[in-house]
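An overview of the molecular structure
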Amino acid sequence: MFSDEEVERYARHLVLREVGGPGQQALKSARIALVGAGGLGAPASLYLAAAGVGHIRIIDPDVVDRSNLQRQVIYAEADLGTPKVAASARHLTALNPNVTIDPVQARLDEANAAELLGGLDLVLDGTDDFATRFAVNGACVAHGISLVAGAIGRWTGQVGVFGSRPCYRCLVPEIPPDAETCSAVGVMGALAGVIGSMMALEAIKLITGAGQALTGRLLIYDALSAEVRTVRLGPDPACSVCA
């Protein structure tokens with residue numbers, strides 16, 4: 001049941017045919033994790049908390065740095081030096097006190113992924129290193145959890161949704177030898193908002209059952225040319241994780 005305050009807060013969702021009361025209740029009951037509270041996790045967490053996702057676990061080992069403020073819009077100057085998960089929890093609770101934020105200041109890896117992600121309904125991965133992405137994917141496949149994965153660099157971003165098959169390792173079997181990071185090549189700040197918001201939107205669609213999610217597909221956005229294309233992904237018969 002929703003309180004009068006919640007009915008007012010979620011009014012624009014409740015009148016959406018594809019969401020309505022049942023969809024909003026599904027959001028309220030959902031337990032999800034955001035791995036990475038940076039450029040993608042920041043906007044995604046704001047929209048997921050605003051949407052009323054009931055339990056959000058935020059996993060990140062870092063503290064807020066001034067260079068983050070160009071794109072990680074959840075933080076402010078006053079948060080510098082504060083663990084990102086603590087600052088995120090404070091701001092998200094202020095945005096929507098009806099949701100539970102579970103901050104976990106830790107680096108997710110193969111050793112702790114199963115513990116940190118077990119028992120959840122959905123995981124969003126906005127990290128920028130392949131070792132973490134592989135650990136997240138492995139745990140999601142093992143637990144049967146859908147994964148929304150995003151990535152950005154320079155002016156280009158991508159979003160994909162992975163179920164049991166194909167999984168993320170079907171797309172990226174090994175760490176690319178020329179893998180780049182935003183700190184090395186740069187990234188347009190507003191692009192993080194676009195891709196992070198798309199990740200939140202895919203998560204909301206998956207939770208509510210609205211529309212057609214990007215499951216088994218990868219959306220690629222080129223901000224410089226303002227072009228979007230979607231490619232279909234197939235399972236890798238030799239995948240080391242899901243085959």
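Now for a look at the structure at hand. Just so we're clear, the structure is a prediction, and the values are computed from it rather than from any experiment.

Our focus in this paragraph is the pattern of salt bridges. Here the structure, examined in full by the defined rule, presents eight salt bridges. The shortest N-O distance in the salt bridge between Arg17 and Glu18 comes to 3.4 Å. In this structure, Glu202 and Lys205 form a salt bridge, with 2.9 Å as the shortest nitrogen-oxygen distance. Of this pair, Glu202 and Lys205 are both found in helix α10 (residues 189–208), three residues apart, which corresponds to roughly one turn of the helix. Looking at Glu202, the relative accessible area reads 7%, which means it is buried.

Once that is clear, we can look at the layout of surface pockets. Estimated volume of the largest pocket: approximately 540 Å³. Lining the largest pocket are 31 residues, and of these Gly38, Asp62, Gly126, Thr127 and Asp128 lie nearest its centre. Mapped by element, the contributors of at least two residues to the lining of the largest pocket are α7 (130–143), β5 (146–153) and α9 (182–185). Top contributing element to the lining of the largest pocket by residue count: β5, with three residues. Class assignment of the residues belonging to the lining of the largest pocket gives a composition of eleven nonpolar, twelve polar and eight charged. Considering only enclosed or pocket space, the second largest pocket measures out at about 390 Å³ in volume. The wall of the second largest pocket is formed by 19 residues, among which Phe130, Ala151, Ile152, Gly153 and Glu180 lie closest to the centre.

The end-to-end C-alpha separation of α10 is 29 Å, in line with the 28 Å expected for 20 residues at 1.5 Å each. Along α10, the residues classified as buried are Gly189, Leu191, Ala192, Ile195, Gly196, Met199, Ala200, Glu202, Ala203, Ile204, Ile207 and Thr208. After α10 finishes, the residue Gly209 shows a positive phi value of roughly 75°.

Our next topic: the sheet that holds strand β2 (residues 55–59). Here eight strands make up an open sheet; going across it, the order is β3-β2-β1-β4-β5-β6-β7-β8 and the pairing mixed. The open sheet has two edge strands, β3 (100–104) and β8 (227–232), and neither has a second partner. Strand-to-strand twist in this sheet, taken as the mean axis angle between neighbours without regard to direction, amounts to 15°. On the sheet, helix α5 (residues 84–95) packs against β2 and β3 and is oriented at approximately 170° with respect to β3.

Membership of the largest hydrophobic core comes to 42 residues, with the highest contact counts inside it found for Ile32, Leu48, Val53, Ile56, Leu124 and Ile152. Among the elements that line this core, the one with the most residues is α10, at eight residues. Apart from residues lying up to four places away in sequence, Leu48 is in contact with Ile32, Leu34, Val53, Ile56, Leu124, Ala200, Ala203 and Ile204. Judged by nonpolar contacts, the second largest core, of 25 residues, contains Ala135, Val136, Ile145 and Leu147.

Take empty space enclosed by the protein next. Scanning the entire structure with this criterion turns up one cavity of 30 Å³ or more. Considering only enclosed or pocket space, the largest cavity measures out at about 60 Å³ in volume. If you trace the largest cavity, you find it lined by Asp125, Arg133, Ala149, Gly150, Ala151, Gln158, Gly160, Phe162, Tyr168 and Leu218. For the lining of the largest cavity, the secondary structure elements donating two or more residues are β5 and β6 (156–162). Of the residues that constitute the lining of the largest cavity, the class distribution is five nonpolar, three polar and two charged.

Each value, and the rule that gives it
- Residues numbered from 1 in each chain as written.
- Predicted model: local features only at pLDDT ≥ 70, side-chain atom pairs only at ≥ 80, totals over all residues.
- Heavy atoms only, no water.
- Salt bridge = Lys/Arg side-chain N within 4 Å of Asp/Glu carboxyl O.
- Helix = DSSP H or I, 4+ residues; strand = E, 2+ residues; numbered from the N terminus.
- Buried < 20%, exposed > 50% of the residue type's maximum accessible area, 1.4 Å probe, protein only.
- 1 Å grid on protein atoms, 1.4 Å probe; cavity = no way out; pocket = protein on both sides within 12 Å on 5 of 7 lines; lining within 4 Å.
- Points joined across faces, edges and corners; volume = space filled by probe spheres on them.
- Nonpolar A, V, L, I, M, F, W, Y, C, P; charged D, E, K, R; others polar.
- Expected span 1.5 Å × (residues − 1).
- Pairing = 2+ DSSP bridges.
- Axes fitted to C-alpha atoms, helices over the stretch in contact; angles between N-to-C directions.
- Contact = heavy atoms within 4.5 Å.
- Core = buried A, V, L, I, M, F, W, Y, C linked by side-chain atoms within 4.5 Å.

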